[in-house]
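Structure at a glance
Below, each chain spelled out in residue letters.
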Amino acid sequence: MDLEMDDAYFMKRALQEAESAFVKGEVPVGAIIVIENRIIARAHNLTEQLNDVTAHAEMQAITSAANFLGGKYLHNCTLYVTLEPCQMCAGALYWSQISNIVYGATDIERGCGVMGSTLHPKTKIRGGLMENEASDLLKKFFIQRRNLN
């Protein structure tokens, strides 16, 4: 594999995390954090399993990456997440000072772009990477959930 891995490679890893969440009955959102083309954190939603509304994929990934790096700041790191971060996660990402965020599907109702950015001013954000794949998995989950009720 190329030394310079591309965004699609990392988003595919985040989608694998989202699929793990789907299998567990969690809203299928996956996240990974990368520094210098190296994955340092992998996570997916665990709100049902942990009975914790804050156990979003991004929150889990931030904690894991900070532990890996031995510090609270995620400078020079990129978060790849399958769904646009919510306001809570955007706040945590602000405080982590993460350098880049790349997301798949846009969250029109709850995404951080809805009420204006709460991200750190130096954080670069880009959406729409593998949006169809991320969106399709979310739609499949909610259709399946509706049919069970």
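In the nomenclature of an unreviewed UniProt entry, the protein chain is known as tRNA-specific adenosine deaminase of Sediminicola luteus. What UniProt records for the protein chain under Catalytic activity (unreviewed entry) is the sentence "adenosine(34) in tRNA + H2O + H(+) = inosine(34) in tRNA + NH4(+)". As recorded by UniProt, the Sequence similarities (unreviewed entry) comment attached to the protein chain reads in full: "Belongs to the cytidine and deoxycytidylate deaminase family. ADAT2 subfamily."

Quick look at the UniProt feature "active site" (unreviewed entry) in the protein chain now. Residues annotated by UniProt as "active site" (unreviewed entry) correspond here to Glu 58. Among the secondary structure elements, Glu 58 is positioned in helix H3 (residues 57–69). Glu 58 has contacts with Ala 31, Leu 79, Val 81, Leu 83, Pro 85, Cys 86 and Cys 89, leaving out every residue within four places of it along the chain.

This part takes up the nonpolar core. Most often, soluble globular proteins keep nonpolar side chains buried together rather than apart. One finds Ile 33, Leu 79, Tyr 80 and Ile 98 to be the most contacted residues of the largest nonpolar core, which totals 36 residues. For this core, the secondary structure elements donating two or more residues are helix H1 (7–23), strand S1 (30–35), strand S2 (38–44), H3, strand S3 (77–83), helix H4 (87–96), strand S4 (100–105) and helix H5 (131–148). Excluding anything up to four places from it in sequence, Tyr 80 contacts Asp 7, Phe 10, Met 11, Ala 14, Gly 30, Ala 31, Ile 32, Val 34 and Val 102.

The subject of this paragraph is the layout of surface pockets. One number sums up the size of the largest pocket: a volume of about 550 Å³. For the lining of the largest pocket, the per-class residue count stands at 9 nonpolar, 5 polar and 7 charged. In this structure, the second largest pocket encloses a volume near 150 Å³. If you go around the second largest pocket, you meet 16 residues; those closest to its centre are Asp 7, Thr 78, Tyr 80, Asn 100 and Val 102. Where the lining of the second largest pocket is concerned, the elements lending two or more residues are H1, S1, S3, S4 and strand S5 (124–126).

For the pair H1 and H5, interaxial distance at closest approach is 11 Å and the crossing angle is 5°. Compared by their axis directions, H1 and H5 come out roughly parallel. Between H1 and H5, the contacting residues are Leu 15, Ala 18, Glu 19 and Phe 22 on the first element and Glu 133, Ala 134, Leu 137, Lys 140, Phe 141 and Gln 144 on the second. Of the residues that constitute the contact of H1 with H5, the class distribution is 6 nonpolar, 1 polar and 3 charged.

Rules behind the numbers
Residues numbered from 1 in each chain as written. Predicted model: local features only at pLDDT ≥ 70, side-chain atom pairs only at ≥ 80, totals over all residues. Heavy atoms only, no water. UniProt positions renumbered as here; feature names shortened; annotations may be inferred. Helix = DSSP H or I, 4+ residues; strand = E, 2+ residues; numbered from the N terminus. Contact = heavy atoms within 4.5 Å. Core = buried A, V, L, I, M, F, W, Y, C linked by side-chain atoms within 4.5 Å. Buried < 20%, exposed > 50% of the residue type's maximum accessible area, 1.4 Å probe, protein only. 1 Å grid on protein atoms, 1.4 Å probe; cavity = no way out; pocket = protein on both sides within 12 Å on 5 of 7 lines; lining within 4 Å. Points joined across faces, edges and corners; volume = space filled by probe spheres on them. Nonpolar A, V, L, I, M, F, W, Y, C, P; charged D, E, K, R; others polar. Axes fitted to C-alpha atoms, helices over the stretch in contact; angles between N-to-C directions. Parallel < 35°, antiparallel > 145°, perpendicular 65-115°, else oblique.

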